[in-house]
Amino acid sequence: MTKTLPVLLAATLALSTATATALAQEAAQLQPLDRIAAIVDEDVILQSELDDQIRAIRTQYADRLDQLPPQAVLERQVLERLVLTKLQLARANGSGMRIGDEELNYTLNAIAQNNGTTLEGLTQRLAADGLTMAAFRQNLREELTIQRLRQNFAQSRIVVSEGEVDAALAQANLNTIQYNLANILVAVPEGATAEQLATAQTKIDGVKALIDKGEMDFNAAAVRYSDGPNALEGGDLGWRTMDEIPNGFTQLLEQMQPGQVVGPIRGPSGFQLLKLVNQRDASAAGAQTVTEVQARHILVRINAAQDDATARAKAQAISARLAAGADFAEVAKETSEDTNTRNQGGDLGWFAADAFGPQFGQQVTSLTDGGISAPFRTDAGWHIVQRMASRQTNAADENRRAQVRETIGRRKLEEEYNRFLQEMRGEAFVDFRSGDRAASTAN
């Protein structure tokens, strides 16, 4: 199932935190002597970008600053996140991905609506945060660009087989359970040496010991020690069904209780600790039923060659033939101007009552099985519809296969895209010039 505007979730959060990059760009324009915090291949990260990102995070954690790591560690995490942002933008631009002004303006208007305001109101709210619309537009353009890169990556590399969908559907009882998860990742490079693996193992064991002893809660440990992209969110992975969880974790989850932490678990990205925050049964929400009808219709179109009055007169003549006992299917084959259904006697198959719009739905639901409507008008033209049968259908079951395919695809995308990011990071030249990371690393 295609999702529209996936970037809106991030964009409609607190604007001050969602626009840290844009704030940095504003600062860069006002401070021509802005220092360079890092060089990333042929691009740079300015000190103002780093400072504003850190400021935004500290604002987000204003009531729980004790959960944040020391300044040097926080700076390292933010720098790494900015490095990945620069690398993704460079890859997208190199592939010719561009976000035009029309798409950008559409997204801006959607953000304003989601925040209960107009574009002018959004501009005023940004100004109250010390940010211009121009800077916000640039930041949003970058978010959309990275989102497009992910979409193209998914289309080119992520394949979900019918067998995988069948296997997931066979475990329908598991698919109704959703898990709220969090993780802590200690990453290891691809082809890690024995020494690197041992160092990572020691670190993750130490973090687990702190949590087990109650010396640090899981969220604080994630912020301080995790190498995952969700570290600054306390390791939060959100709510997921079993289809969206890597296979290595599924058996563990079946045995876990909310609040429990397991690990370390060795995975392709490194060592992980996994916490089951909570779980819920989503089957009740998915058990909603819809009324479906089986019907057939005759359409007389309104177009340049046939005005409304002519089409209506033709439909009324057809209706008179049907009222006199003519067979609906035969009349449809002879007279209907719907080329998709005419040869099937006007058969529309089974469909949700409102699938063809409210006007059509109102007519078909008002009929009893076998009943034929009087001619009625829609945007397509004049219709006559015959309802054949009706049934109650589980809406979740109707879309289940598509939903399962999508969730498996999202799980695969997350795994593969994280590896893709690690590959880009490993191949990049990065020269840190800020804080205790002022060292060159040409990988």
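In the block above lies the structure referred to throughout.
Residues numbered from 1 in each chain as written. Predicted model: local features only at pLDDT ≥ 70, side-chain atom pairs only at ≥ 80, totals over all residues. Heavy atoms only, no water.

## Thoughts on the overall build of the protein
Looking only at helices and strands, the protein features 18 helices and 12 strands. Expressed as a percentage of the 443 residues in the protein, the buried residues total 44%. In the protein, of all internal contacts separated by at least 6 residues, the share reaching a separation of at least 24 is 70%. Only carbon and sulfur atoms are counted for the fraction: they give 49% of the accessible area of the protein, which is about 22600 Å². (Helix = DSSP H or I, 4+ residues; strand = E, 2+ residues; numbered from the N terminus. Buried < 20%, exposed > 50% of the residue type's maximum accessible area, 1.4 Å probe, protein only. Contact = heavy atoms within 4.5 Å. Areas by Shrake-Rupley, 256 points an atom, 1.4 Å probe, with all protein chains shown as cover.)

## As for the sheet that holds strand β6 (residues 270-281)
Strand order in this open sheet of four strands is β4-β3-β6-β5, and the pairing throughout is antiparallel. Looking at which strands have only one partner, the edges of the open sheet turn out to be β4 (236-241) and β5 (261-267). When strand polarity is set aside, the average angle formed by the axes of neighbouring strands in this sheet is 35°. Where strand β3 (residues 177-187) and β6 come together, 11 bridges link them in antiparallel fashion. When the sheet's bridge partners are listed, Q178 is paired in β6 with R280. Where helix α12 (residues 218-225) meets the sheet, its contacts fall on β3, β5 and β6, and the angle it forms with β3 comes to roughly 40°. Packing against the sheet, helix α13 (residues 247-255) makes contact with β3, β5 and β6, and its axis sits at approximately 50° to β6. (Pairing = 2+ DSSP bridges. Axes fitted to C-alpha atoms, helices over the stretch in contact; angles between N-to-C directions.)

## Section: the environment of L74
On the secondary structure map, L74 appears in helix α5 (residues 71-94). Residue classification places L74 among the buried residues on the basis of a relative accessible area of 0%.

## A closer look at the packing of α5 against α12
Two elements in contact, α5 and α12, have axes whose closest approach is 9 Å; the angle formed by their N-to-C orientations is 70°. Here α5 is positioned roughly perpendicular relative to α12, judged by the angle of their axes. Contacts between α5 and α12 involve V73, R76 and Q77 from the first element and A222, V223 and R224 from the second. (Parallel < 35°, antiparallel > 145°, perpendicular 65-115°, else oblique.)

## Thoughts on the pattern of salt bridges
For the coordinates displayed, the defined rule picks out 18 salt bridges. Here E103 and R148 are joined by a salt bridge, their closest N and O atoms 2.6 Å apart. Here E103 is found in helix α6 (residues 101-114), whereas its partner R148 is found in helix α8 (residues 133-157), with 45 residues between them in sequence. Salt-bridge contacts for R377 lead to D308; the nearest nitrogen and oxygen are separated by 2.8 Å. (Salt bridge = Lys/Arg side-chain N within 4 Å of Asp/Glu carboxyl O.)

## Here's the deal with the pairing of strand β1 (residues 36-40)
The side chains of a regular strand alternate between both faces of the sheet. Counting buried positions along β1 yields four of five residues, so the element is predominantly enclosed. Across four bridges, the pairing between β1 and strand β2 (residues 43-46) is antiparallel. Residue pairing in the sheet places I39 in a bridge with V44 of β2. Connecting the antiparallel pair β1 and β2 is a turn made up of two residues, with D41 showing a positive phi of about 55°. As paired strands, β1 and strand β11 (residues 429-432) are joined by three bridges and run antiparallel to one another.

## Focus: the side chain of R240
The residue R240 is located in strand β4 in this model. Within the structure, the side chain of R240 is placed 2.6 Å from the side chain of E414, a separation counted as a polar contact. Setting aside residues up to four positions removed in sequence, R240 forms contacts with I177, Q178, Y179, I245 and E414. (Polar contact = N/O pair within 3.5 Å; in protein donor to acceptor, adjacent residues only side chain to side chain.)

## Observations concerning the nonpolar core
Ranked by size, the top nonpolar core spans 33 residues in total, and within it I45, L50, I57, V78, L79, V83 and Y417 carry the most contacts. Contributions of two or more residues to this core are made by β1, α4 (47-60), α5, α8, α18 (395-427) and β11. Ranked by the residues each element gives to this core, the list is headed by α5, at eight residues. By size, the runner-up hydrophobic cluster in this structure holds 16 residues, among which are I211, M216, V261 and L273. (Core = buried A, V, L, I, M, F, W, Y, C linked by side-chain atoms within 4.5 Å.)

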